Amino acid sequence: MAATQTTPTTASLDEDPFAPQVLENPLPFQARLRDAGAVVHLRRHDVHALARYEHVHTALTDWQAFQSAAGVGLANFRHEKPWRPPSLLLEADPPLHDAPRTVLGAILGPRAIRRLREAWAQEARQLVDRVVDRGTEFDAVTELAQAFPLRVFPDAVGLTAEGRHHLLPYGDHAFNAFGPPNALVARGAPRVAQLSAWIDSRCARERLAPGGFGAAIWAAADRGDITEDQAPLIVRSLLTAGVDTTVHALGAVLYAFATHPDQWRRLREDHRLARVAFDEAVRWESPVQTFFRTAVGDVEIAGTTIPDGGKILMFLGAANRDPRRWDDPHTFDIERDPSAHVGFGMGIHQCVGQHIARLEAECLLVALAERVERIDFAGTPRRHLNNTLRGWSSLPMRVRPA
Ligand code: Z7Z
């Protein structure tokens, strides 16, 4: 790749945003990045970083200048072979992006998923009853943040029961693979072939139960809204982006409430705050921390020219805590309006599953608010490191029943 030409005024840093100590606590690095300039050249990876809200927002919404089809990871699909066939939603631009997006947008839209609410609320109550009635300490990652999505989402897709334990490791690897080929990627590599084979095999029409999202995708192919070749890849998108993301977002909101008992009291007083509390947790923790775009032609941002084909690394987590945009950005406050956060992205690629994520969160939070007066840590939380996702591997908790 040609060396990047940067204007003399462009800030430059040598740090690696994907180094373990940065992933462990990215906040100090994010602050340095925001303050270094609107555009910062990261020499390690020869990419341009955006960490201020304004510029992250611009890159997310200007899909013509900041393309996705060359990959939204560090790898540049103009020269490098992707580790799997590109996603028709994520790694595509208009016009190819549009039919898959329209089809999936309708299947996962607020109206279409209303039918799931009562059953999911019931599942959440059962799960919460179990941990509360047991009366012992428990790990909120495995027993709530993972257990709840794994209980409701694969069934909603119409996935067969066999092999569901592959979902989390597959997603974890996919999100690591957006970063550089570091130790996190190497650790996942030995299982990729097996995990991918399982995922791909689940996307076939005959493997998907009637009534689920998967069958609805295939029905769209029967109508001619998408082609038969596209259908399995769109199912794959659900299985890639639909599980780990919500697990870490639920982990984030549970951690937020365990560390903010006053906010938990507010939620207990008014359960209608559950939805906005989830979005505030997504702003505050940004379960999806970063991903990339690629410059189409020479693209100018705030006086820096990014050359055609240059990779742009967007720091959603930094934008969501940019003091230029947010009052008290580091405060978790369920009474603020977090709705402009970029934790679900922005523009034509904004998370198509966000209504599903919100519904899962609302069901779980309301079920907890009904039964739990107070949430306390019973041990030290442990981070789960991933090149893209910010989350927890363990949240030891005890709850005081209401
Ligand atoms: O379509 C897909 O397989 C897919 C994979 C990952 C879609 C979206 C994502 C993703 C979500 C990537 C958030 C980065 C951030």
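A quick note: this is a predicted structure, and the numbers were derived from the prediction, not measured.

Looking at the overall build of the chain
Moving on, step 1. Within the chain, the secondary structure is distributed over 16 helices and 13 strands.
Moving on, step 2. A compact globule built from 402 residues would reach a C-alpha radius of gyration of about 21 Å, and the chain, at 21 Å, matches this within 12%.
Moving on, step 3. Each principal axis of the C-alpha atoms in the chain carries an extent, and together these give about 60 × 50 × 40 Å.
Moving on, step 4. When the accessible surface of the chain is summed, it comes to about 16,400 Å², and 53% of that surface belongs to carbon and sulfur atoms.
Moving on, step 5. Averaging the coordinates of the 45 positive side-chain charges in the chain and doing the same for the 49 negative ones gives two points 3 Å apart.

A look at helix H6 (residues 117–134)
One turn of the α-helix equals 3.6 residues, which is why residues spaced by three or four share an orientation.
Moving on, step 1. Compared with an ideal rise of 1.5 Å per residue, which puts 18 residues at 26 Å, H6 spans 26 Å between its outermost C-alpha atoms and is within 8% of the ideal.
Moving on, step 2. Residues of H6 that are buried include every one of Trp 120, Ala 121, Ala 124, Leu 127, Val 128, Val 131 and Val 132, and no others. Angular distribution of buried residues about the axis of H6 spans 130°; they occupy a single face of the element. Turned more than 90 degrees away from the buried face of H6, the exposed residues are Glu 118, Arg 130 and Asp 133.
Moving on, step 3. Just past H6, the residue Gly 135 takes up positive phi, approximately 75°.

Examining the pattern of salt bridges
Moving on, step 1. Under the defined criterion, the tally for this structure stands at 28 salt bridges.
Moving on, step 2. Close ionic contact of Arg 32 with Glu 15 constitutes a salt bridge, the shortest N to O distance being 2.5 Å. Here Glu 15 lies in the loop between strand E1 (11–13) and helix H1 (20–24) and Arg 32 lies in helix H2 (residues 27–36), a separation of 17 residues in the sequence.
Moving on, step 3. The network of salt bridges with common partners includes Asp 35, Asp 322 and Arg 324.

Here's the deal with the nonpolar core
Moving on, step 1. Judged by nonpolar contacts, the single largest core of 83 residues is most densely connected at Phe 213 and Phe 257.
Moving on, step 2. The leading source of residues in this core is helix H16 (residues 354–371), at 10 residues.
Moving on, step 3. Setting aside residues no more than four positions away along its own chain, Phe 213 makes contact with Ile 107, Leu 108, Ile 113, Arg 115, Leu 116, Phe 153, Ala 156, Val 157, Leu 238 and Ile 356.

Side note on the site of the ligand
Moving on, step 1. Contacts to the ligand come from Arg 84, Ser 87, Leu 90, Phe 175, Phe 178, Ser 237, Thr 240, Ala 241, Val 288 and Phe 291.
Moving on, step 2. Taking Ser 87, its side chain carries an N or O atom lying 2.6 Å from an oxygen atom of the ligand.
Moving on, step 3. Within the side chain of Ser 237, an N or O atom sits 2.5 Å from an oxygen atom of the ligand.
Moving on, step 4. When the residues that make up the shell around the ligand are grouped by side-chain class, the tally is 6 nonpolar, 3 polar and 1 charged.

Some points on the packing of aromatic side chains
Moving on, step 1. Scanning all chains against the criterion turns up 13 aromatic pairs.
Moving on, step 2. Relative to Phe 292, the ring of Phe 18 lies with its centre 6.4 Å away and its plane at 20°, an arrangement referred to as stacked. One end of the pair, Phe 18, is in the loop between E1 and H1; the other, Phe 292, is in strand E6 (residues 290–295), and 274 residues separate them in sequence.
Moving on, step 3. Members of the aromatic cluster, each reached through a chain of ring pairs, are Tyr 255, Phe 257, Trp 264, Trp 284, Phe 332, Phe 377 and Trp 392.

Thoughts on the packing of helix H14 (residues 274–285) against H16
Moving on, step 1. Interaxial distance between H14 and H16 falls to 9 Å at its minimum, and their mutual angle equals 115°. Handedness of the crossing formed by H14 with H16: right-handed. Of the residues in H16, those in contact with Ala 274, Arg 275, Phe 278 and Asp 279 of H14 are Ala 357, Arg 358, Ala 361, Glu 362, Leu 365 and Val 366.
Moving on, step 2. When the residues that make up the contact of H14 with H16 are grouped by side-chain class, the tally is 6 nonpolar, no polar and 4 charged.

Brief notes about the environment of Gln 230
Moving on, step 1. Topologically, Gln 230 is positioned in helix H11 (residues 230–241).
Moving on, step 2. Gln 230 sits 77 residues away from Pro 307 along the chain, and the two C-alpha atoms are 32 Å apart.
Moving on, step 3. Once you skip the residues sitting within four places of it in the chain, Gln 230 turns out to touch Leu 88 and Pro 100.
Moving on, step 4. In this structure the side chain of Gln 230 is engaged in a polar contact, spanning 2.9 Å, whose partner is the backbone nitrogen of Thr 227.

Considerations on the environment of Val 288
Moving on, step 1. Looking at the element boundaries, Val 288 is found in the loop between H14 and E6.
Moving on, step 2. On the basis of relative accessibility, which here comes to 15%, the residue Val 288 falls in the buried class.
Moving on, step 3. Taking the C-alpha atoms as reference points, Val 288 and Gly 343, 55 residues apart in sequence, are found 6.4 Å from one another.
Moving on, step 4. Setting aside residues no more than four positions away along its own chain, Val 288 makes contact with Thr 245, Leu 316, Gly 343, Thr 388 and Leu 389.

Quick notes on unusual backbone geometry
Moving on, step 1. In the segment running from Pro 94 into Pro 95, the intervening peptide bond is cis, with an omega of 5°.
Moving on, step 2. Mapped onto the secondary structure, Pro 95 falls in the loop between strand E4 (66–67) and helix H4 (98–107).
Moving on, step 3. Of note in the backbone geometry, Asp 328 takes a positive phi value of approximately 40° without being a glycine.
Moving on, step 4. Looking at the secondary structure, you find Asp 328 in the loop between helix H15 (316–319) and H16.
Moving on, step 5. For Asp 328, a relative accessible area of 55% translates into the label exposed.

The rules behind each value
- Residues numbered from 1 in each chain as written.
- Predicted model: local features only at pLDDT ≥ 70, side-chain atom pairs only at ≥ 80, totals over all residues.
- Heavy atoms only, no water.
- Helix = DSSP H or I, 4+ residues; strand = E, 2+ residues; numbered from the N terminus.
- Rg over C-alpha atoms; globule rule 2.2 N^0.38 Å.
- Areas by Shrake-Rupley, 256 points an atom, 1.4 Å probe, with all protein chains shown as cover.
- Lys, Arg positive; Asp, Glu negative; His and termini not counted.
- Charge placed at Lys NZ, Arg CZ, Asp CG, Glu CD.
- Expected span 1.5 Å × (residues − 1).
- Buried < 20%, exposed > 50% of the residue type's maximum accessible area, 1.4 Å probe, protein only.
- Arc of directions from axis to C-beta.
- Salt bridge = Lys/Arg side-chain N within 4 Å of Asp/Glu carboxyl O.
- Core = buried A, V, L, I, M, F, W, Y, C linked by side-chain atoms within 4.5 Å.
- Contact = heavy atoms within 4.5 Å.
- Near = heavy atom within 4 Å.
- Polar contact = N/O pair within 3.5 Å; in protein donor to acceptor, adjacent residues only side chain to side chain.
- Nonpolar A, V, L, I, M, F, W, Y, C, P; charged D, E, K, R; others polar.
- Phe/Tyr/Trp six-rings, centres within 6.5 Å; stacked < 30°, edge-to-face > 60°.
- Axes fitted to C-alpha atoms, helices over the stretch in contact; angles between N-to-C directions.
- Left-handed = near helix turned anticlockwise from the far one by under 90°.

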